[in-house]
Amino acid sequence: MAVREELLKNIRTVEPYVPGEQPQEKVIKLNTNENPYPPAPGVKKELDSLDPADFRLYPDPASGVLVKALAENYGVREDQIFVGVGSDDVLSLCFLTFFNSEKPVLFPDITYSFYKVWAQLYRIPYECPPLDRDFRIVRTDYYRENGGIIFPNPNAPTAIYEGLDFVEDILRHNRDSIVIVDEAYVDFAGESAMGLIGKYDNLIVTQTFSKSRSMAGMRIGYAVSSPDLIRCLNDVKYSFNSYTMSRAALVCGAAAVRDRDYFEENIKKIKETRERAKRELSGLGFEFTDSGANFLFVRHPEYDGTRLFTRLKEAGIYVRHWEDERIRQYLRITVGTDEEMEKLFEFLRDYEETET
Ligand code: PMP
């Protein structure tokens, strides 16, 4: 039964973000950019030492242990860090806190599709300058008046990383707007823009534990910025939900950050598999962007993207596909283990396109 019109007129309706599938049966899961390896061993130790009796008590609203571990890791002050329930939570609060202009917020036409949803949810005007033919962000499109800027680096789902000169150029041309760089995948790519925070008071960098730290299920994300902007973010958070991070997330997150060797080893393995995958896919006639992320954005000149996506799924290999006009021939394939990738290559070597 539909909601009556009289009620509907006061309801906030929105077209929601559609997350990638989380099949409950066992499949080769290359569809939501999770890390195929477990988190750092210290995470299990922390979990094992949790006492459920402590669950009676609320967690630390300031997320102290986690904030401290992150501040030490990045060499910034604790009041420069804000943590949330995945970077989705952090980014959503950033939209609410920082994008309040009548002028449009700018983000690319092909990018993380949640940006559009938050803009619509919070009724923020936005415009989406198109990526160029090679799926690169056109920096001059961001040299104009706006109510804020956000882009992922590397961009998603294109996987293309832009160097810090690009980020700095955008910052220089937008001194009076907040610029958010969503670095969900930066650990697989290159230098973070965090180093620019002292120089640009309008910069916010967000990152996540979901990819490079193998903790998507624990839901931890964070923003790094000036103490002044972090305070604004905290004010909105405390007006919304004081206790966002569970006790388990706080201690497990801190343990993951402290184990730098494990982190680096994990990333090295993913990058090696990614580079092998590029060679293999190239040999099979696929074309792709130069990925700096833990996923590949690929198309085959002779295969229909939707059909290949469906066939893969039928074979128990889940990848991501969008029906969006510009990218419907493309598949986004998460870098899994070598064994998982080999299963994918085996399928693709035998693949022959048929109409049905
Ligand atoms: N930004 C980008 C570009 C992403 O692809 C994702 C993952 N879906 C996120 C942010 C959010 O990740 P999480 O909420 O797991 O930190």
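Here the structure is a predicted model, which is why all the values come from computation and not from measurement. (Residues numbered from 1 in each chain as written. Predicted model: local features only at pLDDT ≥ 70, side-chain atom pairs only at ≥ 80, totals over all residues. Heavy atoms only, no water.)

Asker: Just to check I follow, could you spell out the domain arrangement of the protein for this structure?
Answerer: The accessible area lost on association of the parts is a frequent measure of interface size. When its domains are assigned, the protein resolves into domain 1 (5-38 + 261-355) and domain 2 (42-259). Using C-alpha coordinates to define each centre, domain 1 is positioned 23 Å away from domain 2. Of the residues lining the interface, 32 residues belong to domain 1; the matching set on domain 2 comes to 33 residues. For the pair domain 1 and domain 2, the summed buried surface comes to about 2,600 Å²; carbon and sulfur atoms form 60% of the total. In terms of surface lost to domain 2, no three residues of domain 1 exceed Tyr-17, Phe-263 and Arg-326, which account for 27% of the buried area on that side. The interface formed by domain 1 and domain 2 includes 1 salt bridge. A salt bridge links Arg-326 to Asp-109; the shortest N-O distance between them is 3.0 Å. One can count 16 residue pairs in polar contact (both at pLDDT 80 or more) joining domain 1 with domain 2. Breaking the side of domain 1 that touches domain 2 down by element, the ones donating at least two residues are α9 (260-283) and β10 (295-299). Tallying contributions element by element places α9 first for the side of domain 1 that touches domain 2, with 8 residues. (Domains from an automatic or database assignment. Contact = heavy atoms within 4.5 Å. Buried area = accessible area lost by both parts, 1.4 Å probe. Salt bridge = Lys/Arg side-chain N within 4 Å of Asp/Glu carboxyl O. Polar contact = N/O pair within 3.5 Å; in protein donor to acceptor, adjacent residues only side chain to side chain. Helix = DSSP H or I, 4+ residues; strand = E, 2+ residues; numbered from the N terminus.)

Asker: Help me out: how do you make sense of the packing of α9 against helix α11 (residues 338-350) in this one?
Answerer: Angle between the axes and distance between the axes: these two values describe a pair of packed helices. At a minimum axis distance of 11 Å, the contact between α9 and α11 shows a crossing angle of 10°. Here α9 is positioned roughly parallel relative to α11, judged by the angle of their axes. From α9, Thr-273, Arg-276, Ala-277, Glu-280 and Leu-281 reach across to α11, where they touch Asp-338, Met-341, Phe-345, Leu-348 and Arg-349. Tallied by class, residues from the contact of α9 with α11 come to 5 nonpolar, 1 polar and 4 charged. (Axes fitted to C-alpha atoms, helices over the stretch in contact; angles between N-to-C directions. Parallel < 35°, antiparallel > 145°, perpendicular 65-115°, else oblique. Nonpolar A, V, L, I, M, F, W, Y, C, P; charged D, E, K, R; others polar.)

Asker: Which parts of the structure should I look at to understand the layout of surface pockets?
Answerer: The gaps left among the atoms become clear once a water-sized probe is rolled over them. Approximately 1,100 Å³ is the volume found for the largest pocket. Residue lining of the largest pocket: 40 residues in total, with Tyr-17, Tyr-112, Ser-113, Phe-114 and Arg-320 positioned closest to the centre. For the lining of the largest pocket, the secondary-structure elements that each account for two or more residues are α4 (86-98) and α5 (114-121). For the lining of the largest pocket, the element with the most residues is α5, which contributes 4 residues. (1 Å grid on protein atoms, 1.4 Å probe; cavity = no way out; pocket = protein on both sides within 12 Å on 5 of 7 lines; lining within 4 Å. Points joined across faces, edges and corners; volume = space filled by probe spheres on them.)

Asker: Explain the nonpolar core to me, please; I cannot follow it from the model alone.
Answerer: Proteins that are soluble and globular tend to have nonpolar side chains buried together. Core analysis: the largest hydrophobic core is formed by 47 residues, its most contacted members being Phe-151, Val-167, Leu-203 and Phe-209. Contributing elements (two or more residues each) for this core: α3 (64-74), β2 (81-84), β5 (149-152), α6 (164-172), β6 (179-182), β7 (203-208), β8 (221-224) and α8 (247-258). Top element by residues in this core is α8. It accounts for 6 residues. Ignoring sequence-local partners within four residues, the contact set of Leu-203 consists of Leu-171, Val-179, Val-181, Ala-193, Leu-196, Ile-197, Val-224, Ser-225 and Leu-229. (Core = buried A, V, L, I, M, F, W, Y, C linked by side-chain atoms within 4.5 Å. Buried < 20%, exposed > 50% of the residue type's maximum accessible area, 1.4 Å probe, protein only.)

Asker: How should I be thinking about the side chain of Asn-73 in this particular structure?
Answerer: Of note, Asn-73 is situated in helix α3. If sequence neighbours within four positions are ignored, Asn-73 has contacts with Arg-213, Val-257 and Arg-260.

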